[in-house]
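A closer look at the structure
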Amino acid sequence: MRGRGNARSSRALAVSWCPATWLPRLDMGRLSRPRSSTSHRNLPHLFLFFLFVGPFTCLASYSRATELLYSLNEGLPAGVLIGSLAEDLRLVPRAAGRQDQLSQLPERPVAERNPPLSFSLASRGLSGQYVTLDNRSGELHTSAQEIDREALCLEGGGGAWGGSISISSSPSSDSCLLLLDVLVLPQEYFRFVKVKIAIRDINDNAPQFPVSQISVWVPENAPINTRLAIEHPAMDPDIGTNGVQTYRLLDYHRMFTLDVEENENGERTPYLIVMGLLDRETQDQYVSIIIAEDGGSPPLLGSATLTIGITDINDNCPLFADSQINVTVFGNATVGTPVAAVQAVDRDLGTNAQITYAYSQKVPQASKDLFHLDETTGVIKLFSKIGGSVLQTHKLTILANGPGCIPAVTTALVTIIKVIFRPPEIVPRYIANEVDGVVYLRELEPINTPIAFFTIRDPEGKYKVNCYLDGEGPFRLSPYKPYNNEYLLETTKPMDYELQQFYEIAVVAWNSEGFHVKKIIKVQLLDDNDNAPIFLQPLLELTIEENNAPHAFLTKLYATDADSEERGQVSYFLGPDAPSYFSLDSVTGILTVSTQLDREEKEKYRYTVRAVDSGKPPRESVATVVLTVLDKNDNSPRFINKDFSFFVPENFPGYGEIGVISVTDADAGRNGWVALSVVNQSDIFVIDTGKGMLRAKVSLDREQQSSYTLWVEAVDGGEPALSSTAKITILLLDINDNPPLVLFPQSNMSYLLVLPSTLPGSPVTEVYAVDKDTGMNAVIAYSIIGRRGPRPESFRIDPKTGNITLEEALLQTDYGLHRLLVKVSDHGYPEPLHSTVMVNLFVNDTVSNESYIESLLRKEPEINIEEKEPQISIEPTHRKVEAVSCVPTLVALSVISLGSITLVTGMGIYICLRRGKKHHREDENLEVQIPLKGKIGLHMRERKPMAISNI
């Protein structure tokens, strides 16, 4: 969408600056029209701006400051054209029909200007939010951020020219401005342009009441046309006609209407106007919907519930339903007997409806003394005994008085019916404590406790009088012998205050004429401390997680005591077996623990608590508290050792049991379940999680690796899980599983030329062998076990070094091939291993026919094997191994470890094996050399000093 807001050029202000004077020079031609106060307010800001750009302005011939004003509606989409600064500043030819009175530079197209024009905001501030400026064409467009006038001007407040964009709203007007500072470059076309964008309001907000329920109270005597302001008018962020314009009621109830008043600030307030006569007694409340409507097109509405309450005034007086009531009373009626009750009604509320009753002054004093009127309830009771001289008819005029009212009047006509015969008399004489006709007995009184004597008699002396006890209760009325007409009232059962506190019985006397008389006896039991407190739960099973916070709440004890008053007041105390860090509030019964509990230290606590009442003597009961401390995962798995060492013979079978890794976890349940795993070397070793058994998946070869260092991790089953690690060292013990390996001679088919002139005792050659085992398993001995040749016994081998020397001088008959079968044997346990090699010595002055010698070598030699065992040597033949000073120690420790493996012995072996392995690896890295022990004094030919043929 592409559109354009209404744009017009404002008055232009030209200001030039020079360091010589620092005074602004006004272009009066540009001030021909009246300037707004805003332009004058902006002069200080322009002064400060050119103060900082002074070096540029002084180089220019002149500079101009210009204001442009645009207007557009709020809520426009992105890309709407607001205005073209280049056209409105007359920097480019204007479109047809557009005129501007601003005098600018000569009009040339932007493309023809060299250098080209550049438009930019003075600073970047908020410009990217609301508008975009094309740096080349100078066109202003709306950005993707939608402009909301209410959000900008109601929240942004007053703006200024201090940045590239600011917001301005005048409290005295409805204007809402975006203020921009734009620079036009290069220097020869320099312009400092102030752009004002007026944001026009649209009707995009509905009126809204601040509360959803509005209450207005109107007295019921309010006259017609009474005006009451509604204190919560609706608010509309829009302005002008888009704001709230009018109010109306959905239902006026034919009693009300609404009026709207506007103050000098333009604010509209709704007023409720009474249009009819109100009567609270007819209807005390009216409910309607108040609607606020703005002036937009179409208009938007807002509503709230309006409740109109009618307040009471004293506009009603008491009224009796009947003007006269007729009642009768017997002459033998007892004092306190209700005679009649009058009631008046006042339709008002509260104090306006309070009614008091009184006798009229016309009522004789004798009638007032005989009949008592309750001024609050209007009940008339017999106040004194009716005598024989009392008038038979009494006219009681009763007034009902209300506040501010004339009393209402009614008459009670009381007729007394006289009894012809005098009734029997009942004369009580109380034994128990009696006050105002109420007998007080303690609940722990024993059975047959006497209460009172009753004398029954006939005043006329003519009739026989009988009596009996009427009513329920543990009482008995029986004749008291030997007297006549004397009766004793006593208890028959134990009494319990907690079951029943009050009894009402009657002693009834009647004569032969059938005339009855009752004497009401009220018995009030007094409470004794006969009940101990009772816990609702005699056994309290509680739980709490360990590591609790100090003073943690455990439970609230509750015990009941059926006794009353202080006898039923219960206090709570800890038993003597309770630990000191438990606390019990004696009043509330709240049980707490003051310290942090540790399940691993103690899992269960069992102690007693007491509930004691305040009676005399006090009674108490005991309950048992069983507190179980629940486990939390606060303990990591713990290995019994930080480091484990195991000695395992090499070639140990796969999945054989190497050793047990013992680990414990002090927690319980899942928190104490421990899973073991191998962190490293898991491709070789595995551990049984349940038993902790460490196994090797494959057979281990000491010659490939003499020791292994593992890390085993133990993880418990808690949430979150805790873990720990332990170091496992596995040392492989050597077994004699490698026979000696002969390195020289390299083959049974090789031979050596020995000159006949060789002197006796001279070294001829040597046999060189190595053994990959260690210790005694690597100690090598050499021996000749077979000979063949002209005189093969002329040669001897050193059992330790393997050097072969000439024992006797060679004769003419000794020429030819001498073959020695050499046995190379170790000293391993339990079976020594050996290898054999054939040493071929050709005695001659020269090798003239090699094919002949080779044919001799290919023949199977007939050699008799000598049974002589080689001499055992305790020193190894490895020259490199001889350098290892700890080999004797290793031999001794290996023997000892077979019987009892201890940690110290194992570590010694481990250290020595590591040192031996280091030297052994050095041997492997060296080239195999075959030195001869001693100087070989052979007469060498120039062609072949020493000929060794390898076939």
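In the block above lies the structure referred to throughout.
All of these numbers come straight from a predicted model, not from anything done at the bench.

Cut-offs used in this document
Residues numbered from 1 in each chain as written. Predicted model: local features only at pLDDT ≥ 70, side-chain atom pairs only at ≥ 80, totals over all residues. Heavy atoms only, no water. Helix = DSSP H or I, 4+ residues; strand = E, 2+ residues; numbered from the N terminus. Buried < 20%, exposed > 50% of the residue type's maximum accessible area, 1.4 Å probe, protein only. Contact = heavy atoms within 4.5 Å. Areas by Shrake-Rupley, 256 points an atom, 1.4 Å probe, with all protein chains shown as cover. Pairing = 2+ DSSP bridges. Axes fitted to C-alpha atoms, helices over the stretch in contact; angles between N-to-C directions. Disulfide = S-S within 2.5 Å. Salt bridge = Lys/Arg side-chain N within 4 Å of Asp/Glu carboxyl O. Core = buried A, V, L, I, M, F, W, Y, C linked by side-chain atoms within 4.5 Å. Polar contact = N/O pair within 3.5 Å; in protein donor to acceptor, adjacent residues only side chain to side chain. Phe/Tyr/Trp six-rings, centres within 6.5 Å; stacked < 30°, edge-to-face > 60°. Lys NZ or Arg CZ within 6 Å of the ring centre and 35° of its normal.

**Considering the overall build of the protein**
- A tally of regular secondary structure across the protein gives 10 helices and 62 strands.
- For the protein, the residues scored as buried account for 43% of the 951 residues in total.
- A separation of at least 24 residues holds for 68% of the contacts in the protein among residues at least 6 apart in sequence.
- Approximately 50600 Å² of the protein is accessible, and the part contributed by carbon and sulfur atoms is 52%.

**A word on the sheet that holds strand β19 (residues 338-341)**
- Spatially, 3 strands are ordered β19-β23-β22 in an open sheet, and the strand pairing comes out antiparallel. Looking at which strands have only one partner, the edges of the open sheet turn out to be β19 and β22 (371-373). Direction aside, neighbouring strands of the sheet carry axes that sit 20 degrees apart on average.
- Relative to strand β23 (residues 379-382), β19 runs antiparallel, the two being bridged by 3 bridges. Note on β23: the bridge partner recorded for alanine 341 is valine 379.

**Description of unusual backbone geometry**
- The linkage connecting lysine 481 with the following residue, proline 482, adopts the cis geometry, with an omega of 5 degrees.
- Position of proline 482 relative to the elements: it lies in the loop between β31 (475-479) and β32 (486-491).
- For the bond from lysine 616 to proline 617, the omega torsion is -5 degrees, close enough to zero to count as cis.
- Locating proline 617 in the fold gives a position in the loop between β42 (604-613) and β43 (620-630).
- Although it is not a glycine, arginine 90 sits at a positive phi angle of roughly 60 degrees.

**Focus on the state of the cysteines**
- Taken as a whole and assessed by the stated rule, the structure comprises 1 disulfide.
- At a sulfur-sulfur separation of 2.2 Å, the disulfide partner of cysteine 317 is cysteine 405. Taking the torsion about the sulfur-sulfur bond, which here is approximately -85 degrees, the covalent link between cysteine 317 and cysteine 405 counts as left-handed. With a gap of 88 residues between them, cysteine 317 in the loop between β16 (301-311) and β17 (319-320) and cysteine 405 in the loop between β24 (393-401) and β25 (408-417) connect regions that are remote in the sequence.
- Residue class for cysteine 317 comes out partly exposed when judged on its relative accessible area of 33%.
- A relative accessible area of 13% places cysteine 405 in the buried class.

**Remarks on the pairing of strand β9 (residues 191-200)**
- Counting buried positions along β9 yields 8 of 10 residues, so the element is predominantly enclosed.
- The pairing of strand β8 (residues 176-185) with β9 spans 8 bridges and is antiparallel. When the bridges of β9 are listed, leucine 179 appears paired with lysine 196.
- Hairpin connection of β8 to β9: 5 residues between the antiparallel strands.

**Some words on the pattern of salt bridges**
- Counted under the stated rule, the structure contains 26 salt bridges.
- In this structure, the salt-bridge partner of glutamate 808 is arginine 791, at a minimum N-O distance of 2.2 Å. One end of the pair, glutamate 808, is in the loop between β59 (803-806) and β60 (816-826); the other, arginine 791, is in the loop between β57 (780-788) and β58 (795-797), and 17 residues separate them in sequence.
- On the accessibility criterion, arginine 791 (14% relative accessible area) is buried.
- In the salt-bridge network here, residues are joined through shared partners; they are Asp527, Glu565, Glu566 and Arg567.

**Some points on the sheet that holds strand β6 (residues 139-142)**
- Strand order in the open sheet formed by 3 strands is β3-β6-β5, and the pairing between neighbours is antiparallel. Edge positions in the sheet fall to β3 (81-84) and β5 (131-133), since each of these pairs with one other strand and no more. Neighbour-to-neighbour, the strand axes of this sheet turn through a mean angle of 20 degrees, independent of strand direction.
- Sheet topology places β5 next to β6; 3 bridges connect them, and they run antiparallel. The residue bridging leucine 133 from the neighbouring strand is leucine 140, located in β6.

**Side note on the nonpolar core**
- With 29 residues, the main nonpolar core has Leu85, Leu140, Leu180, Val195 and Ile197 as its most contacted residues.
- Those elements that place two or more of their residues in this core are β2 (64-73), α3 (85-88), β4 (118-121), β5, α5 (149-156), β8 and β9.
- Of the residues forming this core, the biggest block, 5 residues, is contributed by β8.
- Once residues within four sequence positions are removed from consideration, isoleucine 197 is found in contact with Tyr70, Leu72, Ile82, Val131, Leu140, Cys176, Leu177, Leu178 and Leu180.

**Some details on the environment of tyrosine 440**
- Tracing the sequence through the fold places tyrosine 440 in strand β28 (residues 438-442).
- Every residue in contact with tyrosine 440, bar those within four places of it in the chain, is listed here: Ala432, Asn433, Val435, Gln524 and Leu526.

**Examining the side chain of aspartate 201**
- Considering the arrangement of structural elements, one finds aspartate 201 in the loop between β9 and β10 (213-219).
- For aspartate 201, the side chain forms a polar contact with the side chain of arginine 149, separated by 3.2 Å.
- A distance of 3.0 Å separates polar atoms of two side chains, one belonging to aspartate 201 and the other to asparagine 242.
- Ignoring anything within four residues of it in the chain, the contact list for aspartate 201 reads Glu74, Arg149, Glu150, Asp238, Ile239 and Asn242.

**Here we look at the pairing of strand β52 (residues 723-733)**
- Judged by how many residues are buried, β52 sits mostly within the fold: 8 of 11 residues are covered.
- Inspection of the sheet shows strand β51 (residues 707-716) paired to β52 by 9 bridges, in the antiparallel sense. When the bridges of β52 are listed, threonine 709 appears paired with threonine 729.
- The antiparallel pairing of β51 with β52 creates a hairpin that spans 6 residues between the two strands.

**Points about the environment of proline 186**
- Here proline 186 shows up in the loop between β8 and β9.
- On the accessibility criterion, proline 186 (17% relative accessible area) is buried.
- Counting along the chain gives 72 residues from proline 186 to asparagine 114, while the straight-line C-alpha distance between them is 9.4 Å.
- Contacts of proline 186, omitting those with residues within four sequence positions, involve Pro115, Pro116 and Leu117.

**Considering the packing of aromatic side chains**
- Following the criterion strictly, the structure yields 15 aromatic pairs and no others.
- Judged by centre distance (5.5 Å) and plane angle (65 degrees), the rings of tyrosine 468 and tryptophan 510 are edge-to-face. With tyrosine 468 in strand β30 (residues 465-470) and tryptophan 510 in strand β33 (residues 502-511), this pair connects stretches of sequence that are 42 residues apart.
- For the ring pair phenylalanine 639 and phenylalanine 644, a centre distance of 6.3 Å and an interplane angle of 75 degrees mean the geometry is edge-to-face.
- The exposure class of phenylalanine 639 is buried, given its relative accessible area of 10%.
- In this structure an aromatic cluster arises from ring pairing among Tyr581, Phe582, Tyr605 and Tyr607.
- Taking the ring centre of tyrosine 271 as reference, the NZ or CZ of arginine 227 above it sits at 5.1 Å.

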